[in-house]
Amino acid sequence: VNLRAVTSWVGIARLFAVVLSCITFSLVASTGDFGGPYGTWCMFTWCFCFAVTLLVLFLELLEIYPKLPLSWDDFTSAFSMLAVLMVFTSSVVFPATFISSPCSGSKCARQAVATTISFLCFLAYALEVGLTRAKPGDISSFLSTVPGLLKVFETYVACLIFCLLDTYSSEAGLQWCVAVYSICFIITLLIIIFTIGRCLSYMPCPLEKVLVGYNALALVMYLTATVLWPLYSFKEGGRPASCSRGCRWDKNLGVTFLTIFNLIAYLVDLVYSTRMVFI
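Residues numbered from 1 in each chain as written. Predicted model: local features only at pLDDT ≥ 70, side-chain atom pairs only at ≥ 80, totals over all residues. Heavy atoms only, no water.

**Comments concerning the overall build of the protein**
Keep this limit in mind: Numbering of helices and strands starts at the N terminus; helices are DSSP runs of H or I of at least 4 residues and strands are runs of E of at least 2. Our radius of gyration looks at C-alpha atoms and nothing else; its globule reference is 2.2 Å times the residue count to the power 0.38. We call two residues contacting when some pair of their heavy atoms lies within 4.5 Å. In this description, accessible areas are obtained by the Shrake-Rupley approach with a 1.4 Å probe, and a residue is regarded as covered only by the protein chains that are shown. Counted charges follow a simple rule, with Lys and Arg positive, Asp and Glu negative, and His plus the chain ends left uncounted. Lysine's charge is taken at NZ, arginine's at CZ, aspartate's at CG and glutamate's at CD.
Of the regular secondary structure elements, the protein holds 9 helices and 0 strands. Sequence-ordered secondary structure for the protein, helices as α and strands as β, is α-α-α-α-α-α-α-α-α. In terms of overall dimensions, the protein is globule-like: its C-alpha atoms have a radius of gyration of 21 Å, near the 19 Å expected for 279 residues. Projected onto its principal axes, the C-alpha coordinates of the protein cover approximately 60 × 55 × 25 Å. If you take every contact in the protein between residues at least 6 apart in sequence, the share linking residues at least 24 apart comes to 78%. Taken as a whole, the protein presents about 14400 Å² of accessible surface, with 71% of it coming from carbon and sulfur. Treating the 16 positive side-chain charges of the protein as one cloud and the 14 negative ones as another, the clouds have centres 3 Å apart.

Structure follows, in structure tokens:
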């Protein structure tokens, strides 16, 4: 039994994450108000993070993880970064969707407490990412470095973009944007999967330079999408008066901001990757 799995700072952060996520989904379940796509997503997030973190603690406590055919450090780094993004999104989406104003009654109080604990859970996962992130000059797993963590961020943001792509017209510019989101998502996801599966070392090419080239290409592609998506999506002008919450105009605006976020992420990724490879 490896007691450091639960007594180290990383282990303590994971224990807090397990407890906080369990309390969160228990409180939300007691309200019975988690229906619809947004409620289902939030409940899935808390349950998924609880189950995987508990599994990670169990495997490290019994020292079973070295027998698994994967890079354990890459897996835990990628999961903790993913959990940060998922829990943060749920901590914002849940109160915005289910807590009404004015807020009163025991049900509303439980929803407010669940939101607060969810934010604390987000901080616990953020602490784990900070503790396990590779410091400059360290020889560590790729997904614990800044470029590796950014790969998880880029993939997650692309998933959010796909969720907002309700319908889009046959405009060539919009089709190009969707192609950009899809191509970059698939390639970045494959990089994460191959890294965790220890498959990248078998590639017959200088992988580090290939990643730098890919980041540069993805940056240029997202730059075009950043220009073309709002240009074609908002040709009709401002927000229609008949547009309720979650209408097509709002979703297009969300895609615009998420595209900018990923553009910045690929820019930072390119800078860090270039420094790691050439400097």
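**As for the UniProt feature "transmembrane region" (unreviewed entry) in the protein**
Under the convention used in this document: UniProt positions are given in the numbering used here, feature names are shortened, and annotations may be inferred rather than shown by experiment.
According to UniProt, the positions carrying the feature "transmembrane region" (unreviewed entry) are residues 6-29, 41-59, 79-99, 111-127, 139-164, 176-196, 211-232 and 253-272. End-to-end, the C-alpha atoms of residues 41-59 are 27 Å apart, and along that stretch the chain is 100% helix and 0% strand. Annotated as residues 211-232, this span is 100% helix and 0% strand, and its ends, taken at the C-alpha atoms, are 31 Å apart.

**Here we look at the pattern of salt bridges**
The condition is simple: What makes a salt bridge here is a side-chain nitrogen of Lys or Arg within 4 Å of a carboxyl oxygen of Asp or Glu, nothing more. Relative accessible area decides the class of each residue, using a 1.4 Å probe on protein chains only: under 20% of the type maximum gives buried, over 50% gives exposed, and in between gives partly exposed.
What the rule picks out here adds up to 3 salt bridges. The partner of Glu-128 in a salt bridge is Arg-14, with the nearest N and O atoms 2.9 Å apart. With Glu-128 in helix 5 (residues 105-132) and Arg-14 in helix 2 (residues 9-31), this residue pair connects regions lying 114 residues apart in the sequence. In this structure Glu-128 comes out as buried when scored by relative accessible area, which is 3%. For Arg-14, a relative accessible area of 5% puts it in the buried group. Of the charged contacts in the structure, one is a salt bridge between Asp-269 and Lys-151, with a shortest N-O distance of 2.6 Å. You can see Asp-269 sitting in helix 9 (residues 248-278) and its partner Lys-151 sitting in helix 6 (residues 146-164), a full 118 residues away along the chain. Comparing Asp-269 with Lys-151, the two get one shared label, buried.

**Some remarks on the nonpolar core**
Worth spelling out the cut-off: Throughout this description, the term nonpolar core refers to a set of buried Ala, Val, Leu, Ile, Met, Phe, Trp, Tyr and Cys residues connected via side-chain atoms within 4.5 Å. Domain extents, as shown, originate in an automatic or database domain assignment.
Counting residues in each nonpolar core, the largest one holds 33 residues, and the members touching the most others are Val-28, Trp-46, Val-87, Phe-94 and Tyr-125. Of all elements in the fold, only helix 2, helix 3 (36-61), helix 4 (72-98), helix 5, helix 6 and helix 7 (172-196) reach the threshold of two or more residues within this core. It is helix 4 that contributes the most residues to this core, 9 residues altogether. Looking at which domains feed residues into this core, each of domain 1 (1-139) and domain 2 (145-278) gives three or more. In this view, Val-87 contacts Thr-45, Cys-49, Ser-118, Cys-121, Phe-122 and Tyr-125; residues no more than four positions away in its chain are not counted. Of all hydrophobic cores here, the second largest spans 28 residues; its members include Leu-174, Cys-184, Tyr-214 and Leu-258.

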